[in-house]
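Coordinate analysis (summary)
These are the residues of each chain, in order.
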Amino acid sequence: MAPKRWRTMALAALLLLTVLITLAACTSSVDRRLVEGAVEEVTDTTFYALPSPVPTGKPGDINRTEKLSSAPDGSIGGRVLYHTTDVTGANIVASGVIVAPDAPAPVGGRTVVGRGHPTTGAAAKCAPSNGIDPFDLIEGLRALLTAGYVVAAADFPGMGVQGPNSYLIGQSEGNSVLDAIRAAQNMPDTGTTNSDDVLLWGHSQGGQAVLFAGQDAPTYAPELNLRGVAVAAPAADLGTLFDNDIPDASGVTIGSFAFAAYQSVYAATTPGLSLDST
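Residues numbered from 1 in each chain as written. Predicted model: local features only at pLDDT ≥ 70, side-chain atom pairs only at ≥ 80, totals over all residues. Heavy atoms only, no water.

From N to C terminus, the protein includes seven helices and seven strands. Sorting the 278 residues of the protein into buried and exposed places 43% on the buried side. Here the contacts in the protein between residues at least 6 apart in sequence split such that 71% fall between residues at least 24 apart. (Helix = DSSP H or I, 4+ residues; strand = E, 2+ residues; numbered from the N terminus. Buried < 20%, exposed > 50% of the residue type's maximum accessible area, 1.4 Å probe, protein only. Contact = heavy atoms within 4.5 Å.)

Dropping the structure here:
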């Protein structure tokens, strides 16, 4: 085995030992979640790798799950790989996080909240589920769990699992949110068996995603009973957004993500489309 690989394995083992020792001394829920999340991040490097060939499946069918010990107290949760459909109609695999209360479900079943996240990047490794504490990034999670809801938080296509870029490609993002909800309903321990009620909640990029999900749900996922959509600062009017923000660093960053995504998704079907066209 190459010396470099030995050094990498030794460093990983040292880090794992350190966090395990720290875990033994933890007393608070936050400490526990951070340390256990660090262990999970160090020890799991293959979750997002797809088999070859990729098994077929309908939108919402589950490819793989992984329970995470870093879920908030009073809940069960973990990562999931599931089938979805992108803007071109291709069947792809996306990733996300699903978390549910660990108490018995009510007779009528639990409502699922499909959550769309704000911008965290555009590369596969920038997926919110691929972090030390993916649950901490879900705004309002504690209140949603206390209210008895299940939360299905999509990473969006191309993040987590390698796939087509979906940054601000509303239909691809929205489908992944709806199919994360379907995936949650396909998991028996979420307590959603007797309910088709769903809510959508998104912020910024995720606000755009859930607006598309709400718009497309009647045709794309007609079995879902959509009860409401809530958004914060949604990326809805992209022309105005880029005109206002492109002079500063955040606008340049967002623009670089979006221009690359639109080029990669639409160039094949739009003759002459290129980043230097006007």
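Still more to cover.
Turning our attention to unusual backbone geometry. Cis geometry is found at the peptide bond from S52 to P53, where omega equals 0 degrees. Mapped onto the elements of the fold, P53 is located in the loop between α2 (29-43) and β1 (62-67). If you check the backbone angles, S204 has positive phi at about 60 degrees while not being a glycine. Mapped onto the elements of the fold, S204 is located in the loop between β6 (197-203) and α5 (205-220). For S204, a relative accessible area of 25% gives the class partly exposed.

The pairing of strand β4 (residues 112-116) with β6 spans five bridges and is parallel. The residue of β6 that forms the bridge with V113 is L199. Note on the crossover from β6 through α5 to strand β7 (residues 225-232): the handedness is right-handed. (Pairing = 2+ DSSP bridges. Right-handed = clockwise from strand over helix to strand, strands pointing away.)

Here we come to the confidence of the model for the protein. Mean pLDDT over the protein: 86, with 82% of residues reaching 70 or higher. Confidence over residues 15-23 falls short of pLDDT 50; this stretch has 11 contacts with residues more than four positions distant or in other chains. (pLDDT = per-residue confidence, 0-100.)

In this section: the packing of helix α6 (residues 238-245) against helix α7 (residues 249-266). Between α6 and α7, the least distance of the axes is 9 Å, while the angle of their chain directions is 140 degrees. The angle between the axes of α6 and α7 places the two elements in the oblique class. As α6 packs across α7, the resulting crossing turns out to be left-handed. From α6, L238, F242 and D245 reach across to α7, where they touch G251, V252, I254, G255, A258 and Y262. Taken together, the residues of the contact of α6 with α7 break down into six nonpolar, two polar and one charged. (Axes fitted to C-alpha atoms, helices over the stretch in contact; angles between N-to-C directions. Parallel < 35°, antiparallel > 145°, perpendicular 65-115°, else oblique. Left-handed = near helix turned anticlockwise from the far one by under 90°. Nonpolar A, V, L, I, M, F, W, Y, C, P; charged D, E, K, R; others polar.)

So, on to helix α4 (residues 170-185). The end-to-end C-alpha separation of α4 is 23 Å, in line with the 22 Å expected for 16 residues at 1.5 Å each. Summarising burial for α4: 14 of the 16 residues are buried, a large majority. (Expected span 1.5 Å × (residues − 1).)

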